[in-house]
Amino acid sequence: MPRYARRLQQIGSSILISLPSEWIKSNNLKKGSIVPVDVNRDNTLSIFPSESEAERTKEVTIQYLPGSPMESLVNQVYGAYLLGYDLIRVKATNTSISYEDAERFKRAMRKLVGLEIVEEDRKIITQFLLDPNTLGAERILRRLNSIVAGMFRETMDAIRAKENTVRRSVDARDDEVDRQYFLLVRLIRSAMMDQKLAGKLNLSNIDILDYRIAANLLESAGDYIVDLASSVQDFSHIDFVDRFAQAGELVERMQEKAVAAFATKNRSESLTVLGMYGDFGKVMDAVKELSAADRRKNPASTIAVLNLAYAMDRIAKCWVDVADLVKP
């Protein structure tokens, strides 16, 4: 990307700089054109052409073919949503969209925050109704984190109570994790393609990359908690329950500190998470020793314990990876 240096000039009481002629020509600007100038939070300036692509409504049309797999159509809509399209049309050619397909399409759209159906006839038109400028990457990340934390607490309560009825509830909350994850990815991608939006959200290029990784780690943690909930069963060995409860408390604290450290860029807090993972590993080693001793008496229980330990370790590693994103 070319870089230019300009000397400040004073005309009357005004301080002026000249703009690069190549930039003027490529954006079809001329004398009298108005260009927005933003003052960023780091005290830098961003200058944008008045008719920039980012200021136009992004639209896309997706063709509906009767008999074609709905999964393919839904995936195309999801892709357009994540790429920041504001208006997404699903259009049928020489026919109407069947009632069954329209209903399946509507159910799939419920996973996309801010996308609403605004017209429905021979075509379905959906529009993103949220203003990206009012959203915040940190705010969405914290909301996502809160849901994941609730899923984990509910699962740990089930382990302490020796109940295996938590899977349905956790599955439902994982759907909300997906909704917030998709919204965060859309915002991050939009900021990548629109430096004006990135400036308003106070996101540097490295911040955008870090938020994308952090979002993926939280979404993965939600999936691992679903796996953890599916492994919960009645344990007759009280030591297993106590050990898992101890490990669960460590994982909860790791999550809290890791996400807070990431949001506030607190390196010392992130290092605390790494130390806590060491303590977690010791508890898991004790669980595996108990499991090995109990293997001959109850092989089925041993497998369930190891599945729980594996799922919990994957969750803990997500928080270690989030903490690692904090720059030294």
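It should be emphasised that the depicted structure is a prediction, and the values quoted were computed from it without experimental measurement.

Engineer: Would you mind going over the overall build of the protein chain in detail, with residue names and values included?
Structural biologist: When its secondary structure is counted, the protein chain shows 10 helices and eight strands. The C-alpha atoms of the protein chain give a radius of gyration of 26 Å, which is well past the 20 Å a tight globule of 328 residues would have. When its C-alpha atoms are laid out on the principal axes, the protein chain stretches across 90 × 60 × 25 Å. A sequence separation of at least 24 residues applies to 73% of the contacts in the protein chain between residues at least 6 apart. Total accessible area on the protein chain is roughly 18200 Å²; 49% of this is exposed by carbon and sulfur atoms.

Engineer: Residue-level account of the nonpolar core, with values.
Structural biologist: Ranked by size, the top nonpolar core spans 92 residues in total, and within it Val77, Tyr81, Phe244, Met284, Met312 and Trp319 carry the most contacts. No other element matches helix H10 (residues 299-324), which puts 12 residues into this core. Setting aside residues up to four positions removed in sequence, phenylalanine 244 forms contacts with Met156, Ile159, Met284, Val287, Val305, Leu308, Ala309 and Met312.

Engineer: Describe helix H4 (residues 137-160), naming the residues involved and giving the relevant values.
Structural biologist: An α-helix turns once every 3.6 residues. As a result, residues three or four positions apart point the same way. With 24 residues, H4 should cover 34 Å at 1.5 Å per step; its first-to-last C-alpha distance of 35 Å lies within 8% of that length. Two residues or fewer past H4, lysine 162 is found with a positive phi of approximately 55°.

Engineer: Can you lay out the packing of helix H2 (residues 70-82) against helix H5 (residues 167-193) for me, pointing to particular residues and giving the numbers?
Structural biologist: With their axes 8 Å apart at the nearest point, H2 and H5 run at an angle of 50° to one another. As summarised for this structure, H2 and H5 are arranged oblique, according to the angle between their axes. Seen from H2, the contacting residues are Tyr78, Tyr81 and Leu82; seen from H5, they are Phe182, Leu183, Val185, Arg186 and Arg189. Grouping the amino acids of the contact of H2 with H5 by side-chain chemistry returns six nonpolar, no polar and two charged.

Engineer: Tell me what's going on with the packing of aromatic side chains, and back it up with residues and numbers.
Structural biologist: Taken as a whole and judged by the stated rule, the model has five aromatic pairs. Between the aromatic rings of tyrosine 181 and phenylalanine 182, the centroid separation amounts to 5.9 Å while the plane-to-plane angle is 45°, which identifies the pairing as tilted. Residues tyrosine 211 and phenylalanine 262 carry aromatic rings whose centres are separated by 5.1 Å and whose planes lie at 80° to one another, so their mutual orientation is edge-to-face. With a gap of 51 residues between them, tyrosine 211 in helix H7 (residues 205-230) and phenylalanine 262 in helix H8 (residues 238-264) connect regions that are remote in the sequence.

Engineer: Outline the packing of H4 against H7, supporting the account with residue identities and numerical values.
Structural biologist: Relative orientation of the contacting elements H4 and H7 amounts to 15°, with a least axis distance of 10 Å. Judged on the interaxial angle alone, H7 and H4 are roughly parallel. Pair H4 / H7 crosses with left-handed handedness. In this structure, H4 uses Ala137, Glu138, Leu141, Leu144, Asn145, Val148, Met151, Phe152 and Thr155 to contact H7, whose residues at the interface are Tyr211, Ala214, Ala215, Leu218, Ala221, Gly222, Ile225, Val226, Leu228 and Ala229.

Engineer: Outline the sheet that holds strand S5 (residues 59-64), listing residues and values.
Structural biologist: What holds strands together in a sheet is hydrogen bonding between their backbones, with the strands either parallel or antiparallel. Taken together, four strands build an open sheet; the order of strands is S5-S6-S8-S7 and the sheet is mixed. Among the strands making up the open sheet, the edge pair consists of S5 and strand S7 (115-120). When strand polarity is set aside, the average angle formed by the axes of neighbouring strands in this sheet is 20°. Packed onto the sheet, H2 meets S5, strand S6 (87-92), S7 and strand S8 (123-128) and runs at close to 175° relative to S5.

Engineer: Go over unusual backbone geometry, please, and point to the residues and values.
Structural biologist: In this model, asparagine 202 sits at a positive phi of 60°, which is unusual for a non-glycine residue. By the element assignment, asparagine 202 lies in the loop between helix H6 (195-200) and H7. Classification of asparagine 202 as partly exposed rests on a relative accessible area of 38%. Of note in the backbone geometry, lysine 265 takes a positive phi value of approximately 55° without being a glycine.

Engineer: Give a detailed account of the side chain of aspartate 178, specifying residues and quantitative values.
Structural biologist: Note on placement: aspartate 178 falls in helix H5. Residue aspartate 178 is classed as buried on the basis of its relative accessible area, which comes to 10%. Engagement of the side chain of aspartate 178 in a polar contact is seen with the side chain of lysine 111, the distance being 3.3 Å. Beyond its immediate chain neighbours, meaning those up to four positions away, aspartate 178 contacts Lys111 and Glu219.

Calculation criteria
Residues numbered from 1 in each chain as written. Predicted model: local features only at pLDDT ≥ 70, side-chain atom pairs only at ≥ 80, totals over all residues. Heavy atoms only, no water. Helix = DSSP H or I, 4+ residues; strand = E, 2+ residues; numbered from the N terminus. Rg over C-alpha atoms; globule rule 2.2 N^0.38 Å. Contact = heavy atoms within 4.5 Å. Areas by Shrake-Rupley, 256 points an atom, 1.4 Å probe, with all protein chains shown as cover. Core = buried A, V, L, I, M, F, W, Y, C linked by side-chain atoms within 4.5 Å. Buried < 20%, exposed > 50% of the residue type's maximum accessible area, 1.4 Å probe, protein only. Expected span 1.5 Å × (residues − 1). Axes fitted to C-alpha atoms, helices over the stretch in contact; angles between N-to-C directions. Parallel < 35°, antiparallel > 145°, perpendicular 65-115°, else oblique. Nonpolar A, V, L, I, M, F, W, Y, C, P; charged D, E, K, R; others polar. Phe/Tyr/Trp six-rings, centres within 6.5 Å; stacked < 30°, edge-to-face > 60°. Left-handed = near helix turned anticlockwise from the far one by under 90°. Pairing = 2+ DSSP bridges. Polar contact = N/O pair within 3.5 Å; in protein donor to acceptor, adjacent residues only side chain to side chain.

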